[in-house]
Amino acid sequence: VIEPFFALHTREHLYNEGQRRGLMICEVTSPADIAASPQLAERGFFDRVEYPAPGSTVSCPGAPFRLSRTPWQATRPPPRIGEHNREIYCEELGLTAAELAALCGARVI
């Protein structure tokens, strides 16, 4: 019953109508939807953060809230793929170097 009804309307229409009627409803969004959100752009939600490549920056989510006396500041760039594998597998999960090498096919991490 619900699926055919939802298939007839856009997410935006359903969300706006739900808000107008006081219903607890929200959109299910993708990362691309979030990056293109006019509301988040207007709020200045995304920060430009320096990335390891020289002169390179990336757009990252910023503060989930605003505090006047302790403003948000990104302290480091987002991790690259696999950047913290050794720390996670060895220090947090307790794997040995040999176990880690076997797990990763003897690739250096």
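Considering the overall build of the chain
Stage number 1. In terms of regular secondary structure, the chain is built from 6 helices and 2 strands.
Stage number 2. Ordered by position in the sequence, the α and β elements of the chain form the string α-α-α-α-β-β-α-α.
Stage number 3. Rg of the C-alpha trace for the chain: 21 Å, well past the compact-globule value of 13 Å for 109 residues, more than 25% over.
Stage number 4. Principal-axis analysis of the C-alpha atoms places the extent of the chain at approximately 60 × 45 × 25 Å.
Stage number 5. Counting only residues that meet the buried cut, the chain has 11% of its 109 residues in that class.
Stage number 6. Carbon and sulfur atoms make up 58% of the accessible area of the chain, which amounts to about 9200 Å² in all.
Stage number 7. Taking the 11 positively charged and 13 negatively charged side chains of the chain as two groups, their mean positions are separated by 4 Å.

Digging into the packing of aromatic side chains
Stage number 1. Using the criterion set out here, one finds 2 aromatic pairs in the structure.
Stage number 2. Ring geometry for F5 and F6: centres 5.8 Å apart, planes at 80°, overall edge-to-face.
Stage number 3. On the basis of relative accessibility, which here comes to 43%, the residue F5 falls in the partly exposed class.
Stage number 4. Looking at F6, the relative accessible area reads 38%, which means it is partly exposed.
Stage number 5. Aromatic side chains F45 and F46 sit 5.1 Å apart centroid to centroid with 75° between the ring planes, which places their arrangement in the edge-to-face category.
Stage number 6. Judged by relative accessible area, F45 falls into the buried class, the value being 14%.

A short note on the environment of R21
Stage number 1. Here R21 shows up in the loop between helix 2 (11-20) and helix 3 (31-35).
Stage number 2. With 80 residues separating them along the chain, R21 and A101 place their C-alpha atoms 57 Å apart.

Focus: the pairing of strand 2 (residues 56-61)
Stage number 1. Sheet topology places strand 1 (residues 46-51) next to strand 2; 6 bridges connect them, and they run antiparallel. Bridging across to strand 2, F46 finds its partner in P61.
Stage number 2. Hairpin connection of strand 1 to strand 2: 4 residues between the antiparallel strands, including G55 at a positive phi of 70°.

Observations regarding the environment of Q73
Stage number 1. Within the secondary structure, Q73 is located in the loop between strand 2 and helix 5 (85-92).
Stage number 2. Along the chain, Q73 and Y15 lie 58 residues apart, while their C-alpha atoms are 32 Å from each other.

Definitions and limits used
- Residues numbered from 1 in each chain as written.
- Predicted model: local features only at pLDDT ≥ 70, side-chain atom pairs only at ≥ 80, totals over all residues.
- Heavy atoms only, no water.
- Helix = DSSP H or I, 4+ residues; strand = E, 2+ residues; numbered from the N terminus.
- Rg over C-alpha atoms; globule rule 2.2 N^0.38 Å.
- Buried < 20%, exposed > 50% of the residue type's maximum accessible area, 1.4 Å probe, protein only.
- Areas by Shrake-Rupley, 256 points an atom, 1.4 Å probe, with all protein chains shown as cover.
- Lys, Arg positive; Asp, Glu negative; His and termini not counted.
- Charge placed at Lys NZ, Arg CZ, Asp CG, Glu CD.
- Phe/Tyr/Trp six-rings, centres within 6.5 Å; stacked < 30°, edge-to-face > 60°.
- Pairing = 2+ DSSP bridges.

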